[in-house]
Amino acid sequence: MTLEYAGKTFSAPLELMAFATRHVPGALKLSQEMAWPYRREDWEFAAMVGQGLVLERAGEVIGTAMWWNYGEAYASAGMIIVTASAQGGGYGSRLFDGLLDATGDRSVLLNSTDEGLTLYKRRGFTAWGTVHQHQGLPNVVTPNARNVRPATVSDLAAIQVFDGRATGMPRPSMVAALADVGDVVVIDREGRIAGYAIARRFGRGYVVGPVAAENPEEARLLILAQLATLRGQFVRIDVDADQGLGDWLESLGLKRVSYATAMVKGRRPVSDGAARMYALANQSFG
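Once a new chain begins, its residue numbering starts again from 1 and follows that chain's sequence as written. Per-residue local features of the predicted model are confined to residues with pLDDT of at least 70, and side-chain atom pairs are confined, for both listing and counting, to 80 or more; whole-chain, interface and lining totals are unaffected and use all residues. Here the side-chain values reflect all heavy atoms present in the structure, with hydrogen atoms and water set aside.

### Considerations on the packing of helix α1 (residues 24–33) against helix α2 (residues 40–49)
Part 1 of the argument: Here α1 crosses α2 at 120°, and the two axes come no closer than 9 Å. Accordingly, the angle class assigned to the pair α1 and α2 is oblique. With respect to the hand of their crossing, α1 and α2 are arranged in right-handed fashion. Along its contact with α1, which presents V24, P25, A27, L28 and S31, the element α2 presents R40, W43 and E44.
Part 2 of the argument: Gly falls in the polar group here, along with every residue not listed as nonpolar (Ala, Val, Leu, Ile, Met, Phe, Trp, Tyr, Cys, Pro) or charged (Asp, Glu, Lys, Arg). For the contact of α1 with α2, the class distribution of residues is 5 nonpolar, 1 polar and 2 charged. In this analysis an axis means a line fitted to C-alpha atoms, helices contributing only their contacting stretch, and an angle means the value between N-to-C directions, from 0 to 180 degrees. Strands are runs of DSSP state E lasting at least two residues, helices are runs of H or I lasting at least four, and both sets are numbered from the N terminus onward. For classification, angles of less than 35 degrees are called roughly parallel, those exceeding 145 degrees roughly antiparallel, those between 65 and 115 degrees roughly perpendicular, and all remaining angles oblique. Handedness of a crossing is defined here by the sense of rotation of the near helix relative to the far one, left-handed for an anticlockwise turn of less than a right angle and right-handed for a clockwise turn. Only heavy atoms enter the contact rule, under which two residues are in contact if any of them lie within 4.5 Å.

Next comes the structure, spelled out in structure tokens:
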């Protein structure tokens with residue numbers, strides 16, 4: 001943006017600042033420009049559970065970069081956007097360097113589009129996997145699984161512990177926030193929580209994730225339990241390509257539409273025991 005004064009044209013200065021509630025409309029506009037299906041509510045939720053930076057020029061948001069704190073050792077990053085008219089001017093690097101400064105000594109996880117790979121590799125990120133995005137109108141029948149049930153408030157602590165085992169990161173606040181806005185089902189193995197799945201409003205419809213379990217079969221049961229309540233609804237699910245759920249999701253009408261490269265700067269977290277994460281809350285939260 002330029003300003004005109006006394007017949008002369010000046011470029012308005014760029015300001016790098018903390019993401020605040022007032023930035024949500026501008027951030028939404030950026031994601032719409034990128035054809036990303038975030039709603040205003042999705043931006044508000046992301047800002048509530050995390051923190052971020054904004055590049056602003058004369059009150060206009062031209063870039064965003066968000067991150068989520070998972071204890072002293074880990075963080076995830078995402079929603080990194082620069083408006084098309086400002087790309088190629090080093091703004092993405094300025095935003096991302098500011099984000100890395102904010103995360104301190106933590107190892108940082110993110111899922112990158114092909115366009116972002118060069119920037120992230122230059123900042124020391126390495127690829128370790130692939131995330132596949134599936135979406136569509138699911139075709140499912142009500143599953144008959146005696147050990148899958150709706151979660152209760154009293155299950156939250158056990159779900160948080162299981163999530164920590166599956167991700168290798170302490171995420172109690174994130175899990176509590178997701179459970180608060182979504183519907184949760186669990187694997188109950190004789191009184192022990194051995195997996196969970198959350199479905200919530202997101203983007204064009206609903207997202208199923210996180211999904212954590214001790215084996216692929218029980219991950220499928222959790223997903224089916226959620227999909228059975230979402231007949232006729234648009235559903236998205238982001239899964240680790242190595243976990244082998246892709247063909248099965250396709251058979252349910254959830255087509256693979258895109259992918260992202262999972263990357264880490266620092267040390268990759270390690271799951272504990274049999275617990276594994278099969279589907280993400282979204283590609284930004286990790």
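### Topic: the confidence of the model for the protein
Part 1 of the argument: Per-residue confidence from the predictor is given as pLDDT, running between 0 and 100. With 95% of its residues at a pLDDT of at least 70, the protein reaches an overall mean of 93.
Part 2 of the argument: The low-confidence segment residues 1–10, where pLDDT is below 50, has 14 contacts with residues more than four positions distant or belonging to other chains.

### Thoughts on the pattern of salt bridges
Part 1 of the argument: By convention in these notes, a salt bridge is any Lys or Arg side-chain nitrogen within 4 Å of a carboxyl oxygen on Asp or Glu. Applying the stated criterion across every chain, the model contains 15 salt bridges.
Part 2 of the argument: Residue D97 is joined to R123 by a salt bridge in which the shortest nitrogen-to-oxygen separation is 2.6 Å. A residue pair is termed long-range when its members are at least 10 positions apart, and D97 in helix α3 (residues 91–103) and R123 in the loop between α4 (117–122) and β8 (126–136) qualify at 26 residues.
Part 3 of the argument: Note that R171 and D163 form a salt bridge whose closest N and O atoms lie 2.8 Å from each other.
Part 4 of the argument: Residue exposure (1.4 Å probe, protein chains only): buried if accessible area is under 20% of the type maximum, exposed if over 50%, otherwise partly exposed. Under the relative-accessibility criterion, R171 is labelled buried at 3%.
Part 5 of the argument: Given the relative accessible area of 0%, D163 is considered buried.
Part 6 of the argument: One salt-bridge network, in which partners are shared between bridges, spans R165, R189, R192, E214, E218 and D272.

### Side note on the nonpolar core
Part 1 of the argument: Counting residues in hydrophobic clusters, the biggest one holds 42 residues, and the most contacted among them are W43, W68, Y196 and F285.
Part 2 of the argument: By nonpolar core is meant a set of buried Ala, Val, Leu, Ile, Met, Phe, Trp, Tyr and Cys residues that side-chain atoms within 4.5 Å join together. I223, A228, V235 and L254 belong to the second-largest nonpolar core, a separate cluster that totals 29 residues.

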